[in-house]
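Coordinate inspection notes
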Amino acid sequence: MFKIGNVEIKGQVIQGPMAGISNEPFRLISKQHGAALVVAEMVSIEGMVHDNDRTFSMLRVSDEEHPTSMQIFGNDVENFITATKWIDKNVNCDIIDLNIGCPAPKVAIKSASGSSLLKTPDLIFDIVKAVVANTNKPVTAKIRLGWDKDSVNAVEVARLIEKAGASAIAVHGRTRSEFYTGHADWEKIKEVVEAVNIPVIGNGDVVDGPSAKAMLDLTGCAAVMISRACQGNPWIFEQVNHYLATGTELAKPSFKEWRETVLKHLHMLVDLRSEEWGTKEFRKHLTWYLDVLPKSNDMKRLKDESNQVETIFDVEQVIIKAKALCDQA
């Protein structure tokens, strides 16, 4: 247990922000399976400033998912101020998180946001300071180690973020140029932990209980953030929690537990907008959920079928076929 500003985080396992993925249903599923803090997919401050309806629809936070953090991205200080004031007044989140780490070309290059900001530390300081000054909520930032191997500046950036008034920092142990390749450098995360006095959340290559404990032990970070490894596998949060508490690993979910979670996630997406939209949005999640089950060539073909589902009935048929494959395994 630790605090981000005045927000108590009752655990050491956090669900990370993922564009197009960590929407309200995803966060609720993560919370229900043990995530101590859930973080929303990044929202464009430019979209907010220009009254984009889709952008505002991404800012909804349900009462059941607290504590939750709303992540925003951009590169203009004045627009950050405008967006922050709106969120402070209208969004039911507990924390505002600043994206200073997204490596995607459309964010980092096309809009000069996300990890692109790592090339301008002074601008990062100005952004964090401005956001902190215009909200009553704790402010955090998620960074990478640097733009590339020749410009690793996570310690410098972290110190500036702390100086500007942020309450915590999340560090992904890769540079922007590495994207998600190779191995996360946990030693560099440790350097950040030792350089600042606010909580540091480690991110990168945490895939189970043992790896979570290894990161915590090596870096001394306050918590671990799990992103890609929780796609289709929300059970990872309770599994890591259990391992940290007992040193033993939980079994994978039963098929009944798996089915209940899959259908709950699907119906929450459908309820958000419509069956057509929700089912299509669920396609990628369904293929990830199938990865939790025993692997086989038939299961691989079922994943292909999952990418074509159009109705709740279609998803139910995939589940029936998955059950048959599991019974054969």
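In the block above lies the structure referred to throughout.
First things first, this report covers the structure right here in the doc.

What counts, and where the lines are drawn
- Residues numbered from 1 in each chain as written.
- Predicted model: local features only at pLDDT ≥ 70, side-chain atom pairs only at ≥ 80, totals over all residues.
- Heavy atoms only, no water.
- Axes fitted to C-alpha atoms, helices over the stretch in contact; angles between N-to-C directions.
- Helix = DSSP H or I, 4+ residues; strand = E, 2+ residues; numbered from the N terminus.
- Parallel < 35°, antiparallel > 145°, perpendicular 65-115°, else oblique.
- Left-handed = near helix turned anticlockwise from the far one by under 90°.
- Contact = heavy atoms within 4.5 Å.
- Nonpolar A, V, L, I, M, F, W, Y, C, P; charged D, E, K, R; others polar.
- Salt bridge = Lys/Arg side-chain N within 4 Å of Asp/Glu carboxyl O.
- Buried < 20%, exposed > 50% of the residue type's maximum accessible area, 1.4 Å probe, protein only.
- Core = buried A, V, L, I, M, F, W, Y, C linked by side-chain atoms within 4.5 Å.
- Pairing = 2+ DSSP bridges.
- Right-handed = clockwise from strand over helix to strand, strands pointing away.

A word on the packing of helix α12 (residues 275-290) against helix α13 (residues 297-306)
Closest axis-to-axis distance for the α12/α13 pair is 8 Å, and the angle between their directions is 165°. One element, α12, and the other, α13, form an angle in the roughly antiparallel class. Crossing hand, α12 versus α13: right-handed. Residue-level contacts link R283, L286, T287 and L290 of α12 to M299, L302, K303 and S306 of α13. Taken together, the residues of the contact of α12 with α13 break down into four nonpolar, two polar and two charged.

Quick look at the pattern of salt bridges
Proximity of charged atoms lets side chains of opposite charge pair with each other. Within this structure, the stated rule accounts for twelve salt bridges. A salt bridge links E276 to K280, with the shortest nitrogen-to-oxygen separation between them at 3.5 Å. Of this pair, E276 and K280 are both found in helix α12, four residues apart, which corresponds to roughly one turn of the helix. Given a relative accessible area of 39%, K280 falls into the partly exposed group. The salt bridge partner of E281 is K284, with a shortest N-O separation of 3.3 Å. Taken together, the residues span about one helical turn, with E281 and K284 both in helix α12 at a distance of three residues. Classification of E281 as buried rests on a relative accessible area of 18%.

Focus: the environment of K295
Looking at the secondary structure, you find K295 in the loop between α12 and α13. The class of K295 is exposed, set by a relative accessible area of 67%. Residues K295 and C326 lie 31 residues apart in sequence; the distance between their C-alpha atoms is 9.1 Å.

Section: the environment of I312
With respect to the helices and strands, I312 occurs in helix α14 (residues 312-328). Residue I312 is classed as buried on the basis of its relative accessible area, which comes to 15%. For the pair I312 and R27, spaced 285 residues apart in sequence, the C-alpha separation works out to 21 Å. When sequence neighbours within four positions are dropped, the list of residues in contact with I312 reads L266, H267, V270, E275 and T279.

Thoughts on the nonpolar core
Core analysis: the biggest nonpolar cluster contains 63 residues, and M70, L98, I100, I143 and I161 have the highest contact counts within it. Apart from residues lying up to four places away in sequence, L98 is in contact with Q71, I72, F80, I127, V128, V131, V139, T140, A141 and K142.

Comments concerning the pairing of strand β10 (residues 200-203)
Along β10, one buried face is formed by V200 and G202 and the opposite face, lined by I201 and N203, is buried too. In the sheet, strand β9 (residues 168-172) pairs with β10 via four bridges, with the strands oriented parallel. Bridge pairing in β10 links A170 to I201. Note on the crossover from β9 through helix α8 (residues 186-195) to β10: the handedness is right-handed. The sheet contact formed by β10 and strand β11 (residues 223-226) spans three bridges and is parallel. Residue pairing across strands places G202 opposite V224, the latter belonging to β11.

Quick notes on the side chain of Q231
In this fold, Q231 is placed in the loop between β11 and α10 (235-246). Owing to a relative accessible area of 18%, Q231 belongs among the buried residues under this scheme.

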